[in-house]
Amino acid sequence: MNKKVPPQLVRVAPVPTAAVAVAFASASAAALAAALTDGGGAASWAAVAIAAIATAILTTVVWPHIATDMLGLHGASLPTPVDGRDWPLLGRVPQVVVASHDKVLSHQYVAWQRLVGWGVNYQIYFFGRRHVVLANAEDVRAVTVRADAPRDRGMLRHFGTALSPDILFLVSEPRHGTARRLVHSFLSGTPTTETVLRMVNESLWGVHPQTAGANNARGAAAAPSSRWATHFEALADSGEPVDIDGLMTDVTVDVIHNLLYSVSPSMADLASKKEWMFRLIDDLTKLVGLPLPELLGASCMASMHATGDRFLEEFEALEARRRASYANGSAASPPRDLLDIMIADLDKGKSGVYEGDRRRVAADLMFYLLAGYDTTAHSIAWTVHALLDDPKSEARLVAELDATLPPAGEPITAAHLAAMPYADAVWKESLRLFPPASSGTIRRLEADLRLPSSGDVIPGGTVIMIPVLPAHRNPKVFPSPEKYDPARWLPPTAPGGGGYTPAEQRMARSHFMAFSSGPRACTGQNMAAVEAKAVLAVLFHRYRFERVGKTEDVVLENSVTMRPAGLRVILHRRAVGA
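Structural notes, computed from the coordinates. (Residues numbered from 1 in each chain as written. Predicted model: local features only at pLDDT ≥ 70, side-chain atom pairs only at ≥ 80, totals over all residues. Heavy atoms only, no water.)

1. Points about the packing of aromatic side chains
- If you walk through the whole model with that rule in mind, you get ten aromatic pairs.
- Aromatic pair Phe169 and Phe367: ring centres 5.1 Å apart, planes at 40°, arrangement tilted. Of this pair, Phe169 sits in the loop between helix H6 (153–156) and helix H7 (175–188) while Phe367 sits in helix H16 (residues 358–388), placing them 198 residues apart in sequence.
- Taking relative accessible area as the criterion, Phe169 reaches 15% and is therefore assigned buried.
- Their ring planes at 50° and their centres at 6.3 Å tell us that Phe478 and Trp489 sit as a pair that is tilted. One end of the pair, Phe478, is in the loop between helix H20 (468–472) and helix H21 (502–510); the other, Trp489, is in the loop between H20 and H21, with eleven residues separating them in the sequence. (Phe/Tyr/Trp six-rings, centres within 6.5 Å; stacked < 30°, edge-to-face > 60°. Helix = DSSP H or I, 4+ residues; strand = E, 2+ residues; numbered from the N terminus. Buried < 20%, exposed > 50% of the residue type's maximum accessible area, 1.4 Å probe, protein only.)

Okay, here's the thing in structure tokens:
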């Protein structure tokens, strides 16, 4: 048995072989060209120059293969997927571009993982540059937790194209840590939980505050509305099929908009926001892995700039209205939402976290809006999809909801959600089988790193890819990985549990990567958990879903996130307790 080496950052001086190799190869090519020509005249000198330049370019591209895989000069060499599609010079670029365009990038990661073996780390090349794909959970934590490697600006830079390259998603320390701390207590604590539950209670469960004073105390900008409860009832009355992912998107955009600004968008504004957010996500998807994006993706980049300008105008208008409410005393004492937090920081000028940069603030608010609705909506829709094919799990969930939820007219609280272990397991299993952030994260090592699983050294500067879908479909970790089974997340003796040993469950938890890990893990995972479980509780307590079409009609469409394209359902009222 190989002895595991504890994770550690190692100080290994980089070997400056590339420059030497390029210079030597170019000089050799130039000398050979000179020897094969007459040694004089413009044509001869042109031949020498062309030979030297062409050889320099070729050597620059192929040298990483030789130095890493043959000579072992740049850290450990890892397995490479053998599928006959590793192009000379281009490497895997064509595969990634095609997979991104076809919205199946996560499926490509799964295909590569099958070729090298489940749980095996491997390497792929892009334009001669090695990228390491991690599948071992211990090695993943070494990168995301111990090394806290930042996201790779090269491959992910277009997340900052719309407004600012210095969004929280991409910045390095110390700016990342200070910006994250600014919002962490709000997003991970009571304020977010209370706002999300208020929104679910008011708009979906149909329970409102008792007095107008309660509204003013929390700073609500408009009277509460049961518009989603009314909308769901109308759908049940009509019997018309509905795209459940699209419907959940409407609900989650409303919730995150309240978390950001304490106000619900009008239906017209909601439709407009969805339109530009979908366009932004589509533009991002098309730019992933695209070479020369400024040229080949010029239209997408122009579209992203236009979207960013539009969002900046909206942010400035919201800021002006909020400052006016401060002045006339109609606003509650800040902070009550993320807009308050950001305005307070902007007022500090250069000494603030954002150093008075409104584009950075707007960029982060736009990112929170995108991330706050997209993955949560998809996770709810995927749960509906999974339970439609698993009536036993659905029946157990409904029984728990009937026994735990408060009577009509009383609000759902965090205590109610905490008393629903099966609902929690149902949602986690949906995240495992259908992780919305299925492509995972892409990091860049800032220093050489020794992998704990093998002792292999990966040099600083290496791009590390950590896809989620292959980790969640690993049959060595999740027996029958294609099977939807909430029991994976329950104690063996709990109702609905059983079939898995404690060791198997520990292994499953260590490979659960839906929110990443470490200091750069998802900032909104608390919000997502509260919102998804509360919405699922209301929906399955009140309605039964009927699938329109077949299970096979639903496509795992992976753009920036993975959604259930083609999932259409009919809502039927459920007799409570039935």
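Following the structure, the description resumes.
2. Some thoughts on a nonpolar patch on the surface
- A surface patch of nonpolar side chains, about 350 Å² in accessible area, is lined by Leu292, Leu295 and Leu296.
- Overall, the relative accessible area of 57% leaves Leu292 in the exposed class. (Patch = residues over 30% accessible without salt bridge, like charges linked within 9 Å, V, L, I, M, F, W, Y side chains within 5 Å. Areas by Shrake-Rupley, 256 points an atom, 1.4 Å probe, with all protein chains shown as cover. Salt bridge = Lys/Arg side-chain N within 4 Å of Asp/Glu carboxyl O.)

3. Structural notes on the side chain of Thr561
- Turning to its location among the elements, Thr561 is positioned in the loop between strand S10 (555–558) and strand S11 (562–565).
- In this structure Thr561 touches Asp374, Thr375, His378 and Pro436, once residues within four positions along its chain are discounted. (Contact = heavy atoms within 4.5 Å.)

4. Some thoughts on helix H22 (residues 525–542)
- For H22, with 18 residues, the first-to-last C-alpha span of 26 Å sits near the 26 Å given by 1.5 Å per residue.
- Across the 18 residues of H22, 15 count as buried, placing the element largely inside the fold. (Expected span 1.5 Å × (residues − 1).)

5. Examining the environment of Arg359
- Within the secondary structure, Arg359 sits in helix H16.
- We classify Arg359 as partly exposed; its relative accessible area is 32%.
- Distance in space between the C-alpha atoms of Arg359 and Ala162 is 9.9 Å, their sequence separation being 197 residues.
- Those residues in contact with Arg359, other than ones at most four positions away along the chain, are Ala162, Leu163, Ser164, Asp309 and Leu312.

6. What to know about the sheet that holds strand S12 (residues 568–573)
- If you walk across this open sheet you meet the three strands as S4-S12-S9, and the pairing is antiparallel. The open sheet has two edge strands, strand S4 (242–243) and strand S9 (543–548), and neither has a second partner.
- In terms of strand pairing, S4 meets S12 through two bridges, oriented antiparallel. Along S12, the bridge assignment pairs Val242 with Val569. (Pairing = 2+ DSSP bridges.)

These values are about where atoms sit, not about what they do.
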